[in-house]
Amino acid sequence: MSSAETSPGPGASATPLRRADARRNHERVFAAALDVFQESGLQGTVPQIAERAEVGKATVYRSYPTKEDLVAAAVNHRLTELERATAVALQEADPYRAFADYVLRLFEALAGDRLLSEVLADAGVRNGSGLLIQLSELMEAAKATGKVRADASVLDLRIVLCGLAVQLIRIADRDPALWRRYGELTLQALRP
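This structure is a prediction, so every number in the text was calculated from the model and none was measured.

Visitor: Help me out: how do you make sense of the nonpolar core in this one?
Guide: Inside soluble globular proteins, nonpolar side chains tend to come together where they are buried. Judged by nonpolar contacts, the single largest core of 54 residues is most densely connected at I49, F99, L106 and L135. The set of elements that each furnish at least two residues to this core consists of α2 (15-40), α3 (46-53), α5 (67-89), α6 (95-112), α7 (114-121), α8 (129-143), α9 (154-170) and α10 (176-189). Per-element tally for this core: the top contributor is α6, with 11 residues. Leaving out residues up to four positions away in the same chain, L135 has contacts with T86, F99, Y102, V103, L106, L157 and L161.

Dropping the structure here:
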């Protein structure tokens, strides 16, 4: 990179260049973090993220002072994406079809996103509660079709869905077809 690219001309302010560069670095760090955490879950490291973003560790820490801050940002981003999809599913005409399709898509998404599957499987993590509330709303709407047990509760849904995710994480199998199979078993467990 030439000095003309990195420093302003006479009389120009360096601030706009630094801000644009800082923004680009922040975006690269965040994109790299999403990739690393998707692949490695909570085992992903700041050095891995820095390497993937092609920046130094200090650049990562300027945007996110701790790894936990970076994990929280990644989790919130992923959950927001899922919550948007859940909100769309809540508008579907056939409540059971919406619930069933969503559960299967969720399991397929969890197969490819280790961080998200670890977060949803962790009963102590509150970040996933909004998604689970929306998913339970889908289940409640599906009950009216008679295709979901009338006595199925949010706890039932969490135990079945998250319990299966815990086991799939423990056996370290990320095959989407296997995760989809367990999505199907989740739906069968909730049938009357």
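Visitor: Quick question: what am I supposed to make of the environment of D94 here?
Guide: Along the chain, D94 turns up in the loop between α5 and α6. Among the polar contacts made by the side chain of D94, one reaches the main-chain amide nitrogen of Y96 at a distance of 3.1 Å.

Visitor: Even after reading the chapter, I still don't get the packing of α5 against α6, so can you show me in this structure?
Guide: Pairs of packed helices are described in terms of their axes, by the angle between the two and the distance that separates them. Orientation of α5 relative to α6, taken along the N-to-C sense of each, is 160°, at an axis distance of 10 Å. Considering the angle they form, α5 stands roughly antiparallel to α6. In this structure, α5 crosses over α6, and the sense of that crossing is right-handed. In this structure, α5 contributes L82, A85, T86 and A89 to the contact, and α6 contributes A98, Y102 and L106. In the contact of α5 with α6, the residues fall into 6 nonpolar, 1 polar and no charged.

Visitor: Looking at this model, I keep getting lost on unusual backbone geometry. Mind explaining?
Guide: The phi torsion of most residues other than glycine is negative, and most of the peptide bonds are trans. Its identity as a non-glycine residue notwithstanding, E54 has a phi of 60°, on the positive side. Among the residues examined, E54 registers a relative accessible area of 65% and is labelled exposed.

Visitor: I tried to follow the pattern of salt bridges on my own but got confused; where do I start?
Guide: Two side chains with opposite charge may pair up if their charged atoms get near one another. The tally for this structure, following the rule as stated, stands at 11 salt bridges. Residues D21 and R24 are paired through a salt bridge, measuring 3.6 Å at the closest nitrogen-oxygen approach. One end of the pair is D21 and the other is R24, both in helix α2 and 3 residues apart, which spans about a single turn. The exposure class of R24 is partly exposed, given its relative accessible area of 46%. Several salt bridges converge on common partners, so that one network encompasses R78, E81 and D113.

What counts and what doesn't
Residues numbered from 1 in each chain as written. Predicted model: local features only at pLDDT ≥ 70, side-chain atom pairs only at ≥ 80, totals over all residues. Heavy atoms only, no water. Core = buried A, V, L, I, M, F, W, Y, C linked by side-chain atoms within 4.5 Å. Buried < 20%, exposed > 50% of the residue type's maximum accessible area, 1.4 Å probe, protein only. Helix = DSSP H or I, 4+ residues; strand = E, 2+ residues; numbered from the N terminus. Contact = heavy atoms within 4.5 Å. Polar contact = N/O pair within 3.5 Å; in protein donor to acceptor, adjacent residues only side chain to side chain. Axes fitted to C-alpha atoms, helices over the stretch in contact; angles between N-to-C directions. Parallel < 35°, antiparallel > 145°, perpendicular 65-115°, else oblique. Left-handed = near helix turned anticlockwise from the far one by under 90°. Nonpolar A, V, L, I, M, F, W, Y, C, P; charged D, E, K, R; others polar. Salt bridge = Lys/Arg side-chain N within 4 Å of Asp/Glu carboxyl O.

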